Every structure is written in structure tokens, then in C-alpha cells.
Amino acid sequence: MQRIEPLSPEPVPAEPVVPSQSQRAPKPVAPERHDVLFACRFPAAAGALAFVGVLRATKAAPDLSVLRDGETGGWWVTTEVDLQLGRQLARMVSATAYVASGDYLLSDPGFGPPPVGVSETKSAVSRNTLVSSDVVTLIRTAGVQRVPVRPVERLRILLDGAAAAHIIRRTIDLGLNVRHRPVRLSPLFPGPAGTTTLIELAVSAYRGNLPPSLVTALTRDPAALTCRIAGSQDDLLIEHTVAAPLDDHLLAGLVDAGTWVLAASPFGCRRLDALGEFADSAGLVQLGEDYPLIEEEPPAALPDLQLPAVRVVSRRTEGQALDAVLVDDAELSTIRLLLEGDPLADTARIILGRDRHLLVAPGGILVRIPVGQPLYALGPGPLYLPLGCSLRPHVPPSARRELFRAGQNRAVVLTPRSGWVFDPGTAMPVWALWVGDLPELVPQSANDDLRQLLDDLRLDQDQPGPGSHPPDDEAASWHELAMEAELAGRLKEAADLHRRNASPLRAARLYERAAAEAQP
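Residues numbered from 1 in each chain as written. Predicted model: local features only at pLDDT ≥ 70, side-chain atom pairs only at ≥ 80, totals over all residues. Heavy atoms only, no water.

1. Quick word on the overall build of the chain
For step 1, the next point in the chain: Looking only at helices and strands, the chain has 13 helices and 27 strands in total.
For step 2, the next point in the chain: Out of the 520 residues in the chain, the part that is buried amounts to 38%.
For step 3, the next point in the chain: For the chain, long-range pairs separated by at least 24 residues make up 66% of all intrachain contacts whose partners lie at least 6 apart in sequence.
For step 4, the next point in the chain: For the chain, the accessible surface area stands at approximately 33000 Å², while carbon and sulfur atoms represent 53% of it. (Helix = DSSP H or I, 4+ residues; strand = E, 2+ residues; numbered from the N terminus. Buried < 20%, exposed > 50% of the residue type's maximum accessible area, 1.4 Å probe, protein only. Contact = heavy atoms within 4.5 Å. Areas by Shrake-Rupley, 256 points an atom, 1.4 Å probe, with all protein chains shown as cover.)

What follows is the structure, given as C-alpha cells:
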């Protein structure tokens with residue numbers, strides 16, 4: 001036999017050991033920064049301006065200086081920055097890197113510690129040979145270059161007032177928003193250019209970009225300067241076909257006051273001062289002198305338009321629901337055989353006429369009955385057409401309401417041969433077609449002793465008990481309310497009654513009819 005060893009007692013969980021201060025992991029130490037006065041040399045102003053943009057984008061060097069070599073004409077950019085970051089940024093713009101040491105700029109080897117003595121490098125540059133400059137002069141020297149036309153949502157156009165009219169008309173024809181204001185332009189840089197006054201147009205789309213064909217046409221117009229917008233305050237306008245080595249949003253950060261306009265020759269760079277607020281240019285549009293408005297008087301008699309007669313013609317009505325049935329005298333007995341014992345008999349009603357009769361139900365019949373002519377509700381109101389038929393020419397809902405006047409007291413049925421008008425007020429339950437005289441009912445009343453006993457119990461007949469139910473006629477009254485609302489054209493109200501009383505199919509049909517009648 002195999003020996004069964006006794007179970008060992010469950011081990012007692014050991015108390016957690018709190019590490020001592022010396023055993024805890026050391027807190028992460030931030031990497032040590034080695035900020036130095038870092039300098040980069042560029043043979044052209046465009047490279048120096050690109051490096052200024054890189055420094056502005058990284059936000060690592062908020063303060064920088066622009067210097068000019070008086071002997072070679074080269075450009076220098078100096079800033080206080082971490083040595084490793086400065087080296088990476090210099091490599092990115094292909095610049096020659098230097099580190100300041102006293103009165104000299106020493107060539108940086110690109111690795112290891114920074115040079116500290118003039119004897120360590122053969123290409124030391126004296127800082128006294130460099131002339132102080134600024135970013136604005138750097139922008140002027142770097143200039144702009146041509147770029148492809150790009151999609152844009154807004155444009156500013158500077159032009160003479162005489163040339164503004166055709167652009168305003170064109171933009172309004174395209175459904176664009178256009179505003180105007182006068183502006184004064186003065187030179188941004190010292191030079192022979194003087195001050196001038198022009199009109200500024202602000203063109204924008206209500207949604208999305210401006211039409212590309214319009215943007216291309218505006219940029220090719222020699223009488224207008226078309227500019228894109230930069231800056232959070234729209235304080236920088238740049239000719240849309242040119243770009244500077246520095247990104248637009250970084251250039252906008254250099255604007256000191258007012259609005260700058262950067263463009264190629266011959267327009268050049270200007271400072272813009274507004275002489276007023278923007279006004280909607282649509283107010284400038286007016287009728288031409290050679291375009292008269294002729295007053296028309298109403299005619300004495302209507303002209304002979306030879307209007308076509310309204311006809312009921314055959315047309316596909318695939319998927320149309322069955323809302324009513326038109327029957328004649330001979331088919332009444334068949335209706336009795338089909339609906340006796342059918343749930344539809346509880347709600348369906350029959351509107352009797354002279355030789356035609358209309359079978360309807362709240363929310364529609366919905367089920368096919370193999371007798372009579374099936375109808376669908378065209379609306380508005382109880383206006384019915386046979387399945388597979390429609391009106392020609394097309395008659396809109398407002399015209400059908402006025403011409404046929406179908407409503408709570410008038411139900412209209414149109415067929416290819418003729419039309420019939422019924423009075424919904426004469427409708428009766430369809431079960432009246434087969435329910436005749438009732439059996440004799442013998443009343444039974446309590447004797448005097450039982451009546452006295454009931455009076456002593458003092459039952460409150462006005463407050464039903466928790467197990468009592470409302471009479472059947474009250475429970476079925478919502479059908480009548482729904483039918484009344486449907487005949488009156490309140491289809492949504494009738495649909496809500498069906499939905500609340502667990503009749504989703506008829507509610508859906510009524511919602512469908514309400515949506516169709518609500519369409520223009």
C-alpha cells in the first residue's frame with residue numbers, strides 16, 4: 001500500500017521588508033548640460049537664416065546674435081546652447097561650428113570637450129573682426145525664391161482701386177467671401193522706395209480651400225500682389241509664389257510691429273498700416289446703367305397655357321405598403337369571410353358608399369387581402385391611389401392638398417377610370433358586417449337583503465383595486481384617437497400612439513408617410 005504523507009502546514013507569509021535608505025534605487029539624475037557660446041559660420045545669408053529657423057523651432061536658444069564678417073562677407077550666428085545640441089543642429093544645416101573662448105571663436109572638432117585655448121586649434125577667429133547685424137538684415141540679404149502655387153484657404157490681395165472691381169465681381173460670382181480696406185505701404189528696409197496707398201482685399205472660402213484656378217489666375221495677374229497669411233494676428237503677408245529660407249510661422253514671430261509684406265522684386269518688402277476696418281465688398285455691387293428694371297403689370301386675363309389634364313397612369317410602386325382597400329357591393333360578403341376571426345377585424349373600419357366602399361385601418365391595412373382594389377396613401381391626408389399607379393403630371397403635396405382637399409371629413413380615392421369621395425364620419429367597425437342581433441339578455445339584480453349587505457360594506461366603487469382592469473372600450477380607445485389623428489393629417493401623432501401601444505409596423509408606416517409628405 002502507498003503511504004500517505006501528512007499535509008504540511010501552510011507557510012506563514014513573511015512580513016514585507018522595507019529596504020533601507022542605502023538599499024533604495026537612486027533617483028534618476030538629469031543629464032548634465034554644457035552650455036557654451038556656440039557659433040556657426042555660413043558663406044551665404046540663406047544658410048544663416050535657415051539656422052535661425054532651426055534655433056527658433058527647437059526653442060533651445062531664445063537669445064541669438066547675427067554677425068557679419070567684414071573681410072570675407074560671411075555670416076555668423078552665435079547663441080548660448082548645450083554643446084551636444086549645438087553640434088547636432090550645426091550638422092543638420094551643414095555649418096562650420098565654433099565655440100567662444102575669450103575674445104576668439106575656436107573651431108569645434110565635433111566631439112569631446114569644447115576647445116579652451118587658441119593653441120588647440122589652427123582656425124581661431126577673433127571676435128573683434130565680426131560686425132554686429134540683425135535678423136531683419138539677414139532676411140533682406142537672403143531674399144526669397146520661387147515656389148509652386150499651393151492650396152490655400154485665405155488670401156490677401158494688394159492692388160490699385162481701379163483694378164479691384166473685376167476681382168471683386170469674380171470672387172462674388174464664385175460664392176466666396178471678399179472684404180476690402182485701404183492701406184498705406186512704406187519701405188521695410190532703407191532704400192529709394194517711397195510710401196504708397198493701395199486697396200487690400202481679403203478673400204476666403206466659406207468652407208475648405210479657395211478654387212485652385214482662381215488662386216493661379218490671381219498669382220499671374222501683374223496688376224495685383226497675391227499674398228498668403230502667416231502669424232496668429234495675420235501680421236505677415238508673403239507673396240504666394242515665393243518663400244524665404246525661414247518657415248512662414250517663424251518669420252511671423254520676427255514681426256516687431258504692424259504688418260510686414262514680403263515679396264519679390266519689383267514690389268519688394270513693405271510695412272503695411274491699415275487706414276480703416278474691413279468692409280464687405282458685396283455692398284459695392286450695383287446694377288449697370290444699361291441694365292433697366294421694367295415694371296410688369298398683371299395681365300387682364302390669364303394666357304392660354306394649354307395645361308395638361310391630371311391623369312392616374314400606370315407606374316411601378318415597388319415596395320409600397322397597403323393602406324386601404326376599395327370594394328364594391330358584391331365584395332362585402334367576401335370581406336366578412338376573410339376578416340371574421342382575423343386580428344385586423346378589431347381595428348379595421350368600413351366607410352360605406354353608394355356603390356363603392358372603403359376599408360381602412362389605423363396605420364394602414366399592411367396585409368394583402370385577396371379582394372377589392374388595393375390602395376396606398378399618396379397624401380396629404382386620406383388621398384389614396386391604386387398600387388401600381390401614380391399621377392401624371394407630377395402634382396406636389398401642396399397642390400394635392402388644395403385640389404383634392406382630403407382631410408378629416410373627406411377621403412378621396414383616385415383610379416384610372418374615375419374617383420370617389422367618402423365621408424370618414426360614417427365609418428363603422430368592420431365587424432358590423434357579420435355581427436347581427438344579440439341573444440336575449442335577462443337582467444339579474446340582488447334582493448333587498450343582499451343589497452343592504454353590500455351597502456354596509458361601503459365599497460368605494462370610484463377607486464378600483466390593484467387587480468382591476470379598465471373596461472375593454474377604454475382600452476381600445478387609442479385606436480380611435482390614432483385614426484382621427486391620421487385622417488386629420490397629424491401622422492406623427494398617430495404614429496406615436498401606435499408606437500406607445502406596441503404596434504411598431506403601423507407606427508413605421510405612419511412615420512414613413514409623414515417623412516414623405518414633409519419633403520419639399
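2. Regarding a nonpolar patch on the surface
For step 1, the next point in the chain: Taken together, L287, Y291 and L293 make up a surface patch of nonpolar side chains, about 380 Å² in accessible area.
For step 2, the next point in the chain: Position of L287 relative to the elements: it lies in the loop between β17 (279–280) and β18 (311–314). (Patch = residues over 30% accessible without salt bridge, like charges linked within 9 Å, V, L, I, M, F, W, Y side chains within 5 Å. Salt bridge = Lys/Arg side-chain N within 4 Å of Asp/Glu carboxyl O.)

3. Quick word on the packing of aromatic side chains
For step 1, the next point in the chain: If you walk through the whole model with that rule in mind, you get two aromatic pairs.
For step 2, the next point in the chain: Pairing F42 with F51 gives two aromatic rings, centres 5.7 Å apart and planes at 40 degrees, and the pair type is tilted. Accessibility classification places F42 together with F51 in one group, the buried group.
For step 3, the next point in the chain: Note on W76 and Y98: the rings are 4.8 Å apart at their centroids and 55 degrees apart in plane angle, and the pair reads as tilted. (Phe/Tyr/Trp six-rings, centres within 6.5 Å; stacked < 30°, edge-to-face > 60°.)

4. Observations regarding the sheet that holds strand β22 (residues 373–377)
For step 1, the next point in the chain: Reading across the sheet, the eight strands line up as β26-β25-β23-β22-β19-β21-β20-β27 and stay open at both edges, with mixed pairing between neighbours. Two strands lie at the open edges of the sheet, namely β26 (419–422) and β27 (428–429), each paired on one side alone.
For step 2, the next point in the chain: Of the pairings in the sheet, the one linking strand β20 (residues 349–352) to β27 comprises two bridges and is antiparallel in character. Paired with I350 across the strands is M428, a residue of β27. (Pairing = 2+ DSSP bridges.)

5. Considerations on the sheet that holds strand β6 (residues 125–126)
For step 1, the next point in the chain: Taking strand neighbours across the sheet as the criterion, the seven strands line up as β6-β5-β4-β1-β3-β2-β7 in an open arrangement whose pairing is antiparallel. The outermost strands of the open sheet, each flanked by one partner alone, are β6 and β7 (130–133).
For step 2, the next point in the chain: Relative to strand β3 (residues 75–82), strand β2 (residues 64–69) is paired through five bridges, and the arrangement is antiparallel. Across the sheet, the residue bridging to S65 is T78, located in β3.
For step 3, the next point in the chain: Contacting β1 (35–42), β3 and β4 (96–101), helix α2 (residues 83–92) crosses the sheet at an angle of about 145 degrees to β3. (Axes fitted to C-alpha atoms, helices over the stretch in contact; angles between N-to-C directions.)

6. Side note on the nonpolar core
For step 1, the next point in the chain: Formed by 42 residues in total, the largest nonpolar core has its most connected members in F38, F42, F51, L138, L236 and L251.
For step 2, the next point in the chain: For this core, the element with the most residues is helix α1 (residues 45–58), which contributes seven residues.
For step 3, the next point in the chain: When neighbours within four sequence positions are excluded, L251 is seen to be in contact with I139, L236, I238, A244, L246 and L262.
For step 4, the next point in the chain: Formed by 18 residues, the second largest nonpolar core is a distinct cluster that contains L155, I167, V178 and L201. (Core = buried A, V, L, I, M, F, W, Y, C linked by side-chain atoms within 4.5 Å.)

7. Some remarks on the pattern of salt bridges
For step 1, the next point in the chain: Going through the model one piece at a time under the given rule, you end up with 14 salt bridges.
For step 2, the next point in the chain: One salt bridge in this structure joins E239 and R146, with 3.6 Å as the shortest N-O distance. On the criterion of sequence distance, the pair formed by E239 in strand β13 (residues 236–239) and R146 in strand β8 (residues 145–146) is long-range, its members being 93 residues apart.
For step 3, the next point in the chain: For R146, a relative accessible area of 56% gives the class exposed.
For step 4, the next point in the chain: By sharing partners, the salt bridges in this structure join R154, R156, R181, E200 and D234 into a single network.

8. Points about the pairing of strand β11 (residues 196–204)
For step 1, the next point in the chain: Bridge count for strand β9 (residues 154–159) against β11 is six bridges, and the pairing is antiparallel. In the sheet register, L159 faces β11, and the bridge partner there is I199.
For step 2, the next point in the chain: Bridge count between strand β10 (residues 177–187) and β11: nine bridges; the pairing is antiparallel. Note that in β11 the partner of V183 across the bridge is L198.

9. Here's the deal with the environment of R228
For step 1, the next point in the chain: As for its position among the elements, R228 is in strand β12 (residues 224–230).
For step 2, the next point in the chain: A relative accessible area of 5% means that R228 is categorised as buried.
For step 3, the next point in the chain: For R228 and I238, which are 10 residues apart along the polypeptide, the C-alpha to C-alpha distance reads 5.4 Å.
For step 4, the next point in the chain: Apart from the residues within four sequence positions on either side, R228 is in contact with R150, L155, L236, L237, I238, E239, H240, T241, V242, A243 and D248.
For step 5, the next point in the chain: A polar contact of 3.4 Å, which involves the side chain of R228, links it to the backbone oxygen of H240. (Polar contact = N/O pair within 3.5 Å; in protein donor to acceptor, adjacent residues only side chain to side chain.)

10. Examining the pairing of β10
For step 1, the next point in the chain: Strand direction decides the pairing type here: β10 and β17, joined by two bridges, are antiparallel. Bridge pairing in β17 places H180 opposite A279.

11. Here's the deal with unusual backbone geometry
For step 1, the next point in the chain: The step from S265 to P266 runs through a cis peptide bond, and the omega angle for that step is 10 degrees.
For step 2, the next point in the chain: Counting through the fold element by element, P266 comes out in the loop between β15 (259–262) and β16 (270–274).
For step 3, the next point in the chain: Of note, the bond from G379 into P380 is cis; its omega dihedral lies within 30 degrees of zero at -5 degrees.
For step 4, the next point in the chain: On the secondary structure map, P380 appears in the loop between β22 and β23 (383–386).
For step 5, the next point in the chain: Phi at R405 is positive, roughly 50 degrees, even though this residue is not glycine.
For step 6, the next point in the chain: By the element assignment, R405 lies in the loop between α8 (397–404) and β25 (411–414).

12. Describing the side chain of E239
For step 1, the next point in the chain: Accessibility expressed as a relative area gives 12% for E239, which makes it buried.
For step 2, the next point in the chain: For E239, the contacting residues outside a window of four places in its chain are R146, L225, T226, C227, R228, L262, A263 and A264.

13. Points about the confidence of the model for the chain
For step 1, the next point in the chain: Averaged over all residues, the pLDDT of the chain is 84; the fraction at 70 or higher stands at 86%.
For step 2, the next point in the chain: The model gives residues 465–475 a pLDDT under 50, and that stretch makes zero contacts with residues more than four places away or in other chains. (pLDDT = per-residue confidence, 0-100.)

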